[in-house]
Amino acid sequence: MNKDLTVGNPQTVLWKFCLPLFGSIIFQQLYNIADSLVAGKFIGENALAAVGNSYEITLIFIAFAFGCNMGCSVIVSKLFGAKDYKGMKTAVYTACIFSGVVCLLLMMVGIIGSGLLLSLIRTPAEVFADSKLYLDIYAWGLPFVFFYNIATGIFSALGDSKTPFYFLAVSSISNIAVDIWFVKAFHMGVAGVAWATFICQGISCILAMAVVFRRLANIKCKEKAPLFDLRILKQIVSIAVPSTLQQSFISLGNIMIQSIINGFGAPVMAGYSAAVKLNNLVITSFTTLGNGISNYTAQNLGAGKLTRIRQGFSVGIKMVWMLSLPLFLLYFFGGSIVLKLFMDEPTALAMQTGIIFLKILSPFYFVVSAKLVADGILRGAGRMKNFMIATFTDLTLRVLLAFCFSTTVLGATGIWCAWPVGWCIATVLSILFYRKGPWAAPTDFLFLH
């Protein structure tokens, strides 16, 4: 069901819009961690390391899909908020064409260059074959990744956060079941977890796109919407490219960090692989809520309601801090328990690596969550230059400090210490950029109004 986010109490509107996003976050992360969970529990530590190693490269592909998602979502939100339904439909068609071309190019890179990419990150010989096998299968499923992201972006742009939740719930549970089935019953190893993702993602993508086009057909406009518009494409690209660059450079940074970690051996790789999945669950949760705030911002900007954007920011901060508290407590005090979900009889070094990682990063979830809410508003308002400055500052600091700290007596622990430094400085920048927007009140103090 489509929802106008420009009317009603901002707190009530955002809570109703974001509650299904909370559910979607859980199932999205179940989808993302299922491969590692099954690999670690039912295949072995090297399989977990191989999937985790490949995951850093798949994040680059996902970055492009995310960029197309955001470019489509923000522009469609603005047009929907302005009641320009003809332009909105054209934006959807244009985004689909653009995404298809980008996806085709990336498929060629993934299929032809998977071995080279794995060599560049110094993948150890004992996990190279499994890493390449997983990556090859994943590359063939990229169209499903791209168009599923487009579908969810359109649903969110129309104020509908429930439909993506339903798709994710069914798909993620199915993915876990098929993962286990392929690995335990058919003994397919790493190939089993890759094919399970391919099949479940494909079915979800086809069904989601079918619902999108049926939803669009029910929105009436006086004239037939063109299938392509160059002006709208430029608007989509102006959001998609910075969003893609943000995610791509974060992924590239993570790959560079992964290459450092690979030098410490398979046990450290396995411990990091499990812990970073748990950390990504948190960061993706904040990012997803930030994306929801982007849709809220774009709709209200299209309707010319700037005061609601400021009110939405305050609500967003409250939501992410409510999420940060239990996650911090769980990871900081119960890290060993959740890490065992991924590792069956882990080595002492692998477990120690994961616990230290979570203890260092989890206290700073309150900081980075505020950044991602501010980023959501900046992106929804099209202020991509400010958004990129804050993001690249975070990334650059994390990568440089990871290299520097890892060569000290801290060793691998020094790598994890780089995260909080980048988060804190980038958060200050994002908040300052937010406060310079036309929606900010002169009396605003920091980010609590």
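It should be emphasised that the depicted structure is a prediction, and the values quoted were computed from it without experimental measurement.

Caption draft 1: Structural view of empty space enclosed by the protein. Using the criterion set out here, one finds 4 cavities of 30 Å³ or more in the structure. Counted as a void, the second largest cavity has a volume near 90 Å³. Around the second largest cavity, the lining residues are Tyr134, Ile137, Tyr138, Gly141, Phe144, Val145, Ala194, Thr197, Phe198 and Gln201. Listing elements by their share of the lining of the second largest cavity, those giving two or more residues are helix H4 (125–140), helix H5 (142–157) and helix H7 (190–217).

Caption draft 2: Here's a closer look at the environment of Ile283. Looking at where Ile283 falls in the secondary structure, it is placed in helix H9 (residues 266–302). It is 7.7 Å that separates the C-alpha atoms of Ile283 and Ser369, two residues lying 86 residues apart in sequence. Discounting chain neighbours no more than four positions away, the residues touching Ile283 are Val368, Leu372 and Trp423.

Caption draft 3: Quick look at the side chain of Asp394. Inspection of the secondary structure assignment puts Asp394 in helix H13 (residues 384–406). By relative accessible area, which is 7% here, Asp394 ends up buried.

Caption draft 4: Inspection of the confidence of the model for the chain at higher detail. Per-residue confidence for the chain gives a mean pLDDT of 84, with 94% of residues at or over 70. Averaged pLDDT values for the elements of the chain fall to 75 in helix H1 (residues 10–43) and rise to 92 in helix H12 (residues 365–380). Across residues 443–449, where pLDDT falls below 50, the model places 16 contacts with residues more than four positions away in sequence or in other chains.

Caption draft 5: A look at the pattern of salt bridges. Scanning all chains against the criterion turns up 5 salt bridges. A salt bridge links Arg398 to Asp394; the shortest N-O distance between them is 3.0 Å. Taken together, the positions of Arg398 and Asp394, both in helix H13 and 4 residues apart, correspond to about one turn of that helix. We classify Arg398 as buried; its relative accessible area is 6%.

Caption draft 6: Quick look at helix H11 (residues 348–361). When the terminal C-alpha atoms of H11 are compared, their 20 Å separation across 14 residues agrees well with the 20 Å that a helix rising 1.5 Å per residue should span. When H11 is considered as a whole, its buried residues turn out to be Ala350, Met351, Thr353, Gly354, Phe357, Leu358, Ile360 and Leu361.

Caption draft 7: Just a nonpolar patch on the surface, in detail. A cluster of nonpolar side chains, namely Ile97, Val101, Leu104, Leu105, Met108, Ile111, Ile112, Trp140, Leu227, Phe228 and Leu230, defines an oily patch on the protein surface of about 1100 Å² accessible area. Per element, the largest residue contribution to the nonpolar patch is 7 residues, and it comes from helix H3 (residues 85–120). Relative to the elements of secondary structure, Trp140 occurs in helix H4. Overall, Trp140 belongs to the exposed group, its relative accessible area being 52%.

Caption draft 8: Spotlight on the side chain of Ser430. With respect to the helices and strands, Ser430 occurs in helix H14 (residues 412–435). Classification of Ser430 by relative accessible area gives buried; the value is 0%. Every residue in contact with Ser430, bar those within four places of it in the chain, is listed here: Lys371, Ala374, Asp375, Leu378 and Ala390.

Caption draft 9: Geometry of the packing of H12 against H14. One way to put it is that H12 packs onto H14 with a least axis distance of 8 Å and a crossing angle of 35°. For the pair H12 and H14, the crossing hand works out as left-handed. From H12, Tyr365, Val367, Val368, Ala370, Lys371, Ala374, Asp375, Ile377 and Leu378 reach across to H14, where they touch Trp423, Cys424, Ala426, Thr427, Ser430, Ile431, Phe433 and Tyr434. Class assignment for the residues of the contact of H12 with H14 results in 13 nonpolar, 2 polar and 2 charged.

Caption draft 10: Spatial organisation of the packing of aromatic side chains. For the structure shown, the criterion picks out 22 aromatic pairs. For the ring pair Trp181 and Phe186, a centre distance of 5.2 Å and an interplane angle of 65° mean the geometry is edge-to-face. Here the aromatic rings of Phe357 and Trp419 are separated by 5.5 Å at their centres, their planes lie at 75°, and the arrangement is edge-to-face. Here the residue Phe357 occupies a position in helix H11, and Trp419 occupies one in helix H14, the gap between them amounting to 62 residues. Owing to a relative accessible area of 0%, Phe357 belongs among the buried residues under this scheme. Among the aromatic side chains, those forming a connected cluster through ring pairs are Tyr272, Phe357, Trp416 and Trp419.

Caption draft 11: Inspection of the nonpolar core at higher detail. Core analysis: the largest hydrophobic core is formed by 65 residues, its most contacted members being Phe357, Trp416 and Trp419. Here this core takes 13 residues from H9, the largest share from any one element. Those residues in contact with Phe357 that lie beyond four places of it in its chain are Tyr272, Ala275, Val276, Asn279, Trp416 and Trp419. With 59 residues, the next largest nonpolar core counts Phe66, Ala95, Phe146 and Ala169 among its residues.

Caption draft 12: Layout of the state of the cysteines. By the definition in use, this model includes 0 disulfides. Cysteine Cys205 is unpaired, with the sulfur of Cys103 as its nearest cysteine sulfur at 9.2 Å. Take Cys404: it sits in no disulfide, and the sulfur closest to it among the cysteines is that of Cys417, at 13 Å. The exposure class assigned to Cys404 is partly exposed, which follows from its relative accessible area of 46%.

What counts as what
Residues numbered from 1 in each chain as written. Predicted model: local features only at pLDDT ≥ 70, side-chain atom pairs only at ≥ 80, totals over all residues. Heavy atoms only, no water. 1 Å grid on protein atoms, 1.4 Å probe; cavity = no way out; pocket = protein on both sides within 12 Å on 5 of 7 lines; lining within 4 Å. Points joined across faces, edges and corners; volume = space filled by probe spheres on them. Helix = DSSP H or I, 4+ residues; strand = E, 2+ residues; numbered from the N terminus. Contact = heavy atoms within 4.5 Å. Buried < 20%, exposed > 50% of the residue type's maximum accessible area, 1.4 Å probe, protein only. pLDDT = per-residue confidence, 0-100. Salt bridge = Lys/Arg side-chain N within 4 Å of Asp/Glu carboxyl O. Expected span 1.5 Å × (residues − 1). Patch = residues over 30% accessible without salt bridge, like charges linked within 9 Å, V, L, I, M, F, W, Y side chains within 5 Å. Areas by Shrake-Rupley, 256 points an atom, 1.4 Å probe, with all protein chains shown as cover. Axes fitted to C-alpha atoms, helices over the stretch in contact; angles between N-to-C directions. Left-handed = near helix turned anticlockwise from the far one by under 90°. Nonpolar A, V, L, I, M, F, W, Y, C, P; charged D, E, K, R; others polar. Phe/Tyr/Trp six-rings, centres within 6.5 Å; stacked < 30°, edge-to-face > 60°. Core = buried A, V, L, I, M, F, W, Y, C linked by side-chain atoms within 4.5 Å. Disulfide = S-S within 2.5 Å.

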